[in-house]
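Working through the structure, step by step
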Amino acid sequence: VQLQASGGGLVQAGGSLRLSCTASGSISRIAAMRWYRQPPGKQREVVATIDSDGSTNSADSVKGRFTISRDNAKNTVDLQMTSLKLEDTAVYYCNAVVLSDQTWRSYWGQGTLVTVSS
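None of the values given here were measured: they were computed from a predicted structure. (Residues numbered from 1 in each chain as written. Predicted model: local features only at pLDDT ≥ 70, side-chain atom pairs only at ≥ 80, totals over all residues. Heavy atoms only, no water.)

**Remarks on the overall build of the chain**
Check the secondary structure of the chain and you find 0 helices and 11 strands. Beginning at the N terminus, the succession of helices and strands in the chain can be written as β-β-β-β-β-β-β-β-β-β-β. Computed over the C-alpha atoms, the radius of gyration of the chain is 14 Å, within 12% of the 13 Å expected from 2.2 N^0.38 for a compact globule of 118 residues. Here the chain holds 118 residues, and the buried ones make up 40% of them. Summed over all atoms, the accessible surface of the chain reaches about 6,200 Å², with 45% contributed by carbon and sulfur. With 12 positive and 9 negative side-chain charges, the chain shows a separation of 2 Å between the mean positions of the two kinds. (Helix = DSSP H or I, 4+ residues; strand = E, 2+ residues; numbered from the N terminus. Rg over C-alpha atoms; globule rule 2.2 N^0.38 Å. Buried < 20%, exposed > 50% of the residue type's maximum accessible area, 1.4 Å probe, protein only. Areas by Shrake-Rupley, 256 points an atom, 1.4 Å probe, with all protein chains shown as cover. Lys, Arg positive; Asp, Glu negative; His and termini not counted. Charge placed at Lys NZ, Arg CZ, Asp CG, Glu CD.)

The structure is reproduced here in structure tokens:
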């Protein structure tokens with residue numbers, strides 16, 4: 001199973017960016033999918049979570065600005081980011097809990113850099 005993230009880049013404060021992540025491989029089911037981020041010099045933190053039933057949860061720091069969504073048919077999870085702030089600068093990682101070959105495992109994407117400039 002592989003997760004491929006895309007969509008990062010350089011954006012001005014107040015702008016928007018959309019991240020996408022696709023899971024591929026021998027996948028039977030996907031449970032929770034998440035986006036994490038790791039700001040420079042800081043620890044990785046969870047940004048938003050979406051369960052297989054579509055229920056979502058997000059960090060207080062991004063509530064009202066970021067929206068997580070998924071397409072179960074395509075095994076994708078997106079993160080729509082709006083009203084971006086300087087402090088949103090980070091490497092963003094997607095994560096999925098996947099049933100593959102009768103075993104549940106957590107998989108990570110390779111990370112995509114989001115840089116918010118003033």
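Back to the write-up after that little detour.
**Details of the packing of aromatic side chains**
Enumeration over the complete set of coordinates arrives at 2 aromatic pairs. Plain terms: the ring middles of Y36 and W108 are 4.7 Å apart, the flat faces sit at 55 degrees to each other, and that makes the pair tilted. Placement of the pair is Y36 in strand β4 (residues 29-38) and W108 in strand β10 (residues 103-108), with a sequence separation of 72 residues. Between Y93 and W108, the ring centres sit 6.5 Å apart and the planes meet at 85 degrees, which makes this aromatic pair edge-to-face. (Phe/Tyr/Trp six-rings, centres within 6.5 Å; stacked < 30°, edge-to-face > 60°.)

**Comments concerning the environment of S52**
The topology assignment puts S52 in the loop between β5 (45-50) and β6 (56-58). As for S52 and N72, which are separated by 20 residues in sequence, their C-alpha atoms are 7.6 Å apart. The residues touching S52, leaving out its near neighbours within four places in the chain, are I30, A31, R70 and N72. (Contact = heavy atoms within 4.5 Å.)

**So, the pattern of salt bridges**
Inspection of every chain in the model, using the stated rule, returns 5 salt bridges. Between R18 and D78 there is a salt bridge, and its shortest N-O distance comes to 3.2 Å. Note that R18 is positioned in strand β3 (residues 17-24) and D78 in strand β8 (residues 76-81), a separation of 60 residues in sequence. According to the relative accessible area criterion, R18 is partly exposed, its value standing at 41%. For D78, a relative accessible area of 14% puts it in the buried group. In this structure, R65 engages D88 in a salt bridge whose closest nitrogen and oxygen atoms are separated by 2.7 Å. One end of the pair, R65, is in the loop between β6 and β7 (66-71); the other, D88, is in the loop between β8 and β9 (90-100), with 23 residues separating them in the sequence. When its relative accessible area of 0% is taken as the criterion, D88 is described as buried. (Salt bridge = Lys/Arg side-chain N within 4 Å of Asp/Glu carboxyl O.)

**Digging into unusual backbone geometry**
Residue N75 is not a glycine yet carries a positive backbone phi of 60 degrees. The topology assignment puts N75 in the loop between β7 and β8. The phi dihedral of Q102 falls on the positive side, at around 65 degrees, and the residue is not glycine. Inspection of the secondary structure assignment puts Q102 in the loop between β9 and β10.

**Remarks on the state of the cysteines**
Counting across every chain of the model gives 1 disulfide. A sulfur-sulfur distance of 2.1 Å marks the disulfide that ties C21 to C94. Here C21 and C94 share a disulfide; its torsion about the S-S bond, 60 degrees, makes the bridge right-handed. Of the two residues, C21 is situated in strand β3 and C94 in strand β9; the sequence distance between them amounts to 73 residues. (Disulfide = S-S within 2.5 Å.)

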